[in-house]
Amino acid sequence: VAGPDAYRDLPNLLSVARGEQAAMNVQLSVDETYADIAPVRMGESWMAYISIMRGCNNMCSYCIVPFTRGRERSRDLDSIVREVEEASRGGKIKEITLLGQNVNSYHE
């Protein structure tokens, strides 16, 4: 079992599972932003979606996001700019949407 922030631990989890033992890492990271993972862009779209933050601090009574995605953490600006530059390379991208649970809370 691997939680959303356990991708760096996948080699270890697979090794444990191959030994026929239970393997689990569902720990939420307080600083993981996936900034170093380049998305795969497929198709001929003129739009790109770029995640600038993860998690949420609002603790709304109806929402599970703070418990499943963790507390808010913003990507550093340099990694966002690099992703924007990469996405716009080639001239096809005309619109970029910045994504996050609450993008108004972005901070560097």
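Keep in mind that this is a model prediction, so the values were computed, not measured.

(A) Here's a closer look at the overall build of the protein. Counting secondary structure elements, the protein contains three helices and four strands. The order of helices and strands in the protein, counted from the N terminus, is α-β-β-α-β-α-β. Dimensions of the protein, computed from the C-alpha atoms along their principal axes, are close to 50 × 35 × 25 Å. Looking at the 108 residues of the protein, the share that counts as buried comes to 27%.

(B) Inspection of unusual backbone geometry at higher detail. With a phi close to 60°, Glu20 is a non-glycine residue in the positive phi region. Along the polypeptide, Glu20 turns up in the loop between helix H1 (10–18) and strand E1 (47–51). Assessed through its relative accessible area of 76%, Glu20 is described here as exposed. Notably, Met59 is not glycine yet its phi reads approximately 55°, a positive angle. Note on Met59: relative accessible area 43%, which makes it partly exposed.

(C) Region of interest: the pattern of salt bridges. Throughout the structure, instances matching the rule amount to five salt bridges. A salt bridge links Asp5 to Arg73; the nearest nitrogen and oxygen atoms lie 3.2 Å apart. Residue Asp5 is located in the segment before H1, and its partner Arg73 is located in strand E3 (residues 73–74); the two are separated by 68 residues in the primary sequence. The same class applies to Asp5 as to Arg73, namely buried. A single network of salt bridges, built from pairs that share partners, joins Asp5, Arg54 and Arg73.

(D) Layout of the environment of Val84. Note that Val84 resides in helix H3 (residues 77–88). Take Val84: its relative accessible area is 25%, and that puts it in the partly exposed class. Counting along the chain gives 56 residues from Val84 to Leu28, while the straight-line C-alpha distance between them is 27 Å. Setting aside residues up to four positions removed in sequence, Val84 forms contacts with Ile50 and Ile96.

(E) Structural detail: the side chain of Thr33. When you line up the elements, Thr33 lands in the loop between H1 and E1. Taking the relative accessible area as the measure of exposure, Thr33 reaches 12% and is therefore buried. Not counting chain neighbours up to four residues away, the residues in contact with Thr33 comprise Arg54, Arg73, Ser74 and Arg75.

(F) Broad picture of a nonpolar patch on the surface. The grouping of Val1, Met24 and Val26 at the surface amounts to a nonpolar patch, some 330 Å² of accessible area in total. Here Val1 is to be found in the segment before H1.

Calculation criteria
Residues numbered from 1 in each chain as written. Predicted model: local features only at pLDDT ≥ 70, side-chain atom pairs only at ≥ 80, totals over all residues. Heavy atoms only, no water. Helix = DSSP H or I, 4+ residues; strand = E, 2+ residues; numbered from the N terminus. Buried < 20%, exposed > 50% of the residue type's maximum accessible area, 1.4 Å probe, protein only. Salt bridge = Lys/Arg side-chain N within 4 Å of Asp/Glu carboxyl O. Contact = heavy atoms within 4.5 Å. Patch = residues over 30% accessible without salt bridge, like charges linked within 9 Å, V, L, I, M, F, W, Y side chains within 5 Å. Areas by Shrake-Rupley, 256 points an atom, 1.4 Å probe, with all protein chains shown as cover.

Take it as geometry only, folks, not as evidence of what the structure does.
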